[in-house]
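Coordinate inspection notes
Read off the chains here:
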Amino acid sequence: MGLEEKLPAGFALTTLEQAAGYFRKASIWPATFGLACCAIEMMAVGTPYYDLARFGMERFAATPRQADLMIVAGRVSQKMAPVVRQVYDQMANPKWVISMGVCASSGGMFNNYAIVQGVDHIIPVDIYLPGCPPRPEMLLNAIITLHEQMQNEKLGVNRVAAARAAEAAALKATPTQLMAPTHDHEALVGRNLLA
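Everything numeric in this text was worked out from a predicted model, so none of it was measured.

The rules behind the values
- Residues numbered from 1 in each chain as written.
- Predicted model: local features only at pLDDT ≥ 70, side-chain atom pairs only at ≥ 80, totals over all residues.
- Heavy atoms only, no water.
- Salt bridge = Lys/Arg side-chain N within 4 Å of Asp/Glu carboxyl O.
- Helix = DSSP H or I, 4+ residues; strand = E, 2+ residues; numbered from the N terminus.
- Buried < 20%, exposed > 50% of the residue type's maximum accessible area, 1.4 Å probe, protein only.
- Pairing = 2+ DSSP bridges.
- Right-handed = clockwise from strand over helix to strand, strands pointing away.
- Expected span 1.5 Å × (residues − 1).
- Axes fitted to C-alpha atoms, helices over the stretch in contact; angles between N-to-C directions.
- Parallel < 35°, antiparallel > 145°, perpendicular 65-115°, else oblique.
- Contact = heavy atoms within 4.5 Å.
- Nonpolar A, V, L, I, M, F, W, Y, C, P; charged D, E, K, R; others polar.
- Left-handed = near helix turned anticlockwise from the far one by under 90°.

Now for the pattern of salt bridges. If you walk through the whole model with that rule in mind, you get three salt bridges. A salt bridge links arginine 85 to aspartate 89, with the shortest nitrogen-to-oxygen separation between them at 3.0 Å. Remark: aspartate 89 and arginine 85 occur in helix 4 (residues 81–90); sequence separation between them is four residues, near one turn of the helix. Note on arginine 85: relative accessible area 33%, which makes it partly exposed. Across the pair glutamate 137 and arginine 135 runs a salt bridge, and its minimum N-O distance is 3.5 Å. Overall, the relative accessible area of 43% leaves arginine 135 in the partly exposed class. Each of Glu41, Arg135 and Glu137 takes part in one network of salt bridges that share partners.

So this is what it looks like as structure tokens:
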């Protein structure tokens, strides 16, 4: 005997945060921000075959003032970095970022002075999407994961507290260079890894 059975029919139980999360995730307008080859895969998601419209993303916004999701698709050069930041700053709040592809997430194979080694050095990233380039299905999966994050996001003072808790947890995390190795490099020396 739950509470739902004692209430009259048609009575819905939810919170304002749950309702706002539902409406936000069902009406995302991404910014058109393709920088390299990952942009082709991002464009493919907009075709009828993948039907991005079923997620409430019928149109990619041509102006950042109408967008609330930035999909950084491809490598970010040092020259492009200020533009990425400017577009992000002009986007409406609340806003989210998907880093699409290994080049946007960590610089990829371009470990040189001209490429930013991860777009998270410029703007905060919500979802990292690996791959070179990631398939359109992978981008759809990242969008669905972002939807779950939006659905459970806090509002107002609760959102500020959640952001501070996440930042404190990130500061307490062990840096990557101090983590223990996951495998023994010495055992791999001299072996044919392709055999």
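Take the pairing of strand 3 (residues 96–100) next. Within strand 3, five of the five residues are buried, which leaves it mostly tucked inside the rest of the structure. A two-sided burial pattern is seen for strand 3, the buried positions comprising Trp96, Ile98 and Met100 on one face and Val97 and Ser99 on the other. Across five bridges, strand 2 (residues 69–73) lies against strand 3 in parallel orientation. Residue alanine 73 lies in a different strand from strand 3, and its bridge partner there is methionine 100. For the segment spanning strand 2, helix 4 and strand 3, crossover handedness is right-handed. Bridge count between strand 3 and strand 4 (residues 127–129): three bridges; the pairing is parallel. Bridge pairing links serine 99 to tyrosine 128 in strand 4.

This next bit is on the pairing of strand 2. In regular strands, side chains alternate between the two faces of the sheet. Burial runs high along strand 2: five of the five residues are buried. Burial of strand 2 is two-sided: the residues Leu69, Ile71 and Ala73 facing one way and the residues Met70 and Val72 facing the other way are all buried. Sheet topology places strand 1 (residues 30–31) next to strand 2; two bridges connect them, and they run parallel. Bridging from a neighbouring strand, proline 30 pairs with leucine 69 of strand 2. With helix 3 (residues 38–45) bridging strand 1 and the parallel strand 2, this β-α-β connection has left-handed handedness.

Our next topic: helix 6 (residues 136–151). A rise of 1.5 Å per residue sets the reference length of helix 6, with its 16 residues, at 22 Å; its end C-alpha atoms lie 23 Å apart and thus fit the reference within 8%. When helix 6 is considered as a whole, its buried residues turn out to be Pro136, Leu139, Leu140, Ala142, Ile143, Leu146, His147, Met150 and Gln151.

Interaxial distance between helix 3 and helix 6 falls to 8 Å at its minimum, and their mutual angle equals 70°. When the axis of helix 3 is compared with that of helix 6, the two are roughly perpendicular. On helix 6, the residues touching Glu41, Met42, Ala44 and Val45 of helix 3 are Pro136, Leu139 and Leu140. The residue inventory of the contact of helix 3 with helix 6, partitioned by class, reads six nonpolar, no polar and one charged.

This next bit is on the environment of phenylalanine 33. Summarising the element assignment, phenylalanine 33 is placed in the loop between strand 1 and helix 3. Here phenylalanine 33 falls in the buried class, since its relative accessible area comes to 9%. When the C-alpha atoms of phenylalanine 33 and proline 64 are compared, they prove to be 9.7 Å apart, with 31 residues separating the residues in sequence. Not counting the four nearest positions on each side in its chain, phenylalanine 33 is found in contact with Met42, Met70, Ile71, Val72, Ala73, Met80, Val84 and Val87.

Moving on to the packing of helix 2 (residues 16–25) against helix 6. Their axes nearest at 8 Å, the elements helix 2 and helix 6 cross at an angle of 150°. Classified by the angle between their axes, helix 2 and helix 6 sit roughly antiparallel to one another. For the element pair helix 2 and helix 6, the recorded crossing hand is right-handed. Residues Glu17, Gln18, Gly21, Tyr22, Arg24 and Lys25 of helix 2 pack against His147, Met150 and Gln151 of helix 6. Tallied by class, the residues present in the contact of helix 2 with helix 6 amount to two nonpolar, four polar and three charged.

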